[in-house]
Amino acid sequence: PTAAEGRLRAAIDEHAPAELHEQLVELLRVPGREADLVVGLRAWAHAESETHLKKDRLREAARLAEGALGDAETAASSHEAILDIDPSDAEALVELSRLRFEAQRYEDTVELLERRIDLGMDPGARLGLRRQQADLYVGPVEDPAQAMRAFEGILEESPEDHEAIDALQSLYENAERWEDLRSLLDRRLDLATDDQGRIAARVGLARLAEKAFGRRDDALDQLQGVLEIDPNNP
């Protein structure tokens, strides 16, 4: 095997056919040669002419790199190579976004989540991806503008999502986006299913009318609406 490996390595150059790479990879499938095997699989992928075969070799290299070698970066690089071949490869997108998140590369993660959202056909799956994206923008990425966009995307998918409405209300207030906040509070009022929810929405609208727009009459109307629901509301 050692002599065979030496002859194959001597014969392989950038124009070598895939068959030579395959033979070399089979010789490297022995314990302790995992690092060489990963390199061999990636070279084999480069030599393959069929797209699905290229992706198969790179996927195996990624699994070996992460599992046997604990080399998450080489695994990620292999998935990136798959996406260079096929930007819509769902499995590579999932695995790469996971690896980037685990490496705390959060800006890369949200970009990958955006690509997955664009490709997603299932509304439930898209909604989950948007939630992940919004949480990252609010948290480690600290990008309020993108966080607002992400939560607005959640409401496009699920107009009655109260968690997204709560988050957007806080973000709009901090950004002083008063018209957007008023529309959001109107939505909250329309969606309210109990007196407590209706009161909270009307109080919010009253405060907004007075403090942001200087419309005391509108504020009084909203507060009068509260007293119609609960005459003893303090």
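Check the entry above for the structure.
First things first, this report covers the structure right here in the doc. Because the structure is predicted, anything quoted here is derived from the model rather than measured.

## Observations regarding the overall build of the protein chain
Part 1 of the reasoning: Regarding its fold elements, the protein chain presents 13 helices and 0 strands.
Part 2 of the reasoning: With the C-alpha coordinates aligned to their principal axes, the bounding extent of the protein chain is approximately 95 × 25 × 25 Å.
Part 3 of the reasoning: Sequence-distant contacts, at least 24 apart, represent 37% of the contacts inside the protein chain between residues at least 6 apart.
Part 4 of the reasoning: Total accessible area computed for the protein chain in this model is approximately 13,400 Å², and 47% of it derives from carbon and sulfur atoms.
Part 5 of the reasoning: For the protein chain, the distance from the average position of its 29 positive side-chain charges to the average position of its 52 negative side-chain charges is 1 Å.

## Notes on unusual backbone geometry
Part 1 of the reasoning: In this model, Q104 sits at a positive phi of 60°, which is unusual for a non-glycine residue.
Part 2 of the reasoning: Within the element layout of this structure, Q104 appears in the loop between α6 (90-102) and α7 (106-119).

## Considerations on the nonpolar core
Part 1 of the reasoning: Core analysis: the largest hydrophobic core is formed by 28 residues, its most contacted members being Y137, F151, I154, L155, L168, Y172 and L184.
Part 2 of the reasoning: Those elements that provide at least two residues to this core are α7, α8 (123-138), α9 (144-157), α10 (162-175), α11 (178-191) and α12 (195-211).
Part 3 of the reasoning: The element that contributes the greatest number of residues to this core is α9, accounting for 6 residues.
Part 4 of the reasoning: The residues touching L184, leaving out its near neighbours within four places in the chain, are L155, I165, L168, Q169 and Y172.

## Quick notes on helix α2 (residues 18-28)
Part 1 of the reasoning: Taken together, the buried positions of α2 are A18, L20, H21, L24, V25 and L28. Viewed end-on, α2 has its buried residues packed into an arc of 155°, placing them on one side of the element.
Part 2 of the reasoning: Each element contacted by the buried residues of α2 is listed here: α1 (2-11) and α3 (34-47).

## A closer look at the packing of aromatic side chains
Part 1 of the reasoning: Counted according to the given criterion, the structure contains 1 aromatic pair.
Part 2 of the reasoning: Seen from their ring centres, F101 and Y106 are 5.7 Å apart, and the 65° between their planes marks the pair as edge-to-face.
Part 3 of the reasoning: For F101, a relative accessible area of 44% puts it in the partly exposed group.
Part 4 of the reasoning: Against the face of F213 rests R182, its NZ or CZ located 4.8 Å from the ring centre.
Part 5 of the reasoning: Seen from the ring of F213, R215 lies directly overhead, with NZ or CZ sitting 4.9 Å from the centre.

Reading the values: rules and limits
- Residues numbered from 1 in each chain as written.
- Predicted model: local features only at pLDDT ≥ 70, side-chain atom pairs only at ≥ 80, totals over all residues.
- Heavy atoms only, no water.
- Helix = DSSP H or I, 4+ residues; strand = E, 2+ residues; numbered from the N terminus.
- Contact = heavy atoms within 4.5 Å.
- Areas by Shrake-Rupley, 256 points an atom, 1.4 Å probe, with all protein chains shown as cover.
- Lys, Arg positive; Asp, Glu negative; His and termini not counted.
- Charge placed at Lys NZ, Arg CZ, Asp CG, Glu CD.
- Core = buried A, V, L, I, M, F, W, Y, C linked by side-chain atoms within 4.5 Å.
- Buried < 20%, exposed > 50% of the residue type's maximum accessible area, 1.4 Å probe, protein only.
- Arc of directions from axis to C-beta.
- Phe/Tyr/Trp six-rings, centres within 6.5 Å; stacked < 30°, edge-to-face > 60°.
- Lys NZ or Arg CZ within 6 Å of the ring centre and 35° of its normal.

Shape descriptors only; they carry no functional weight alone.
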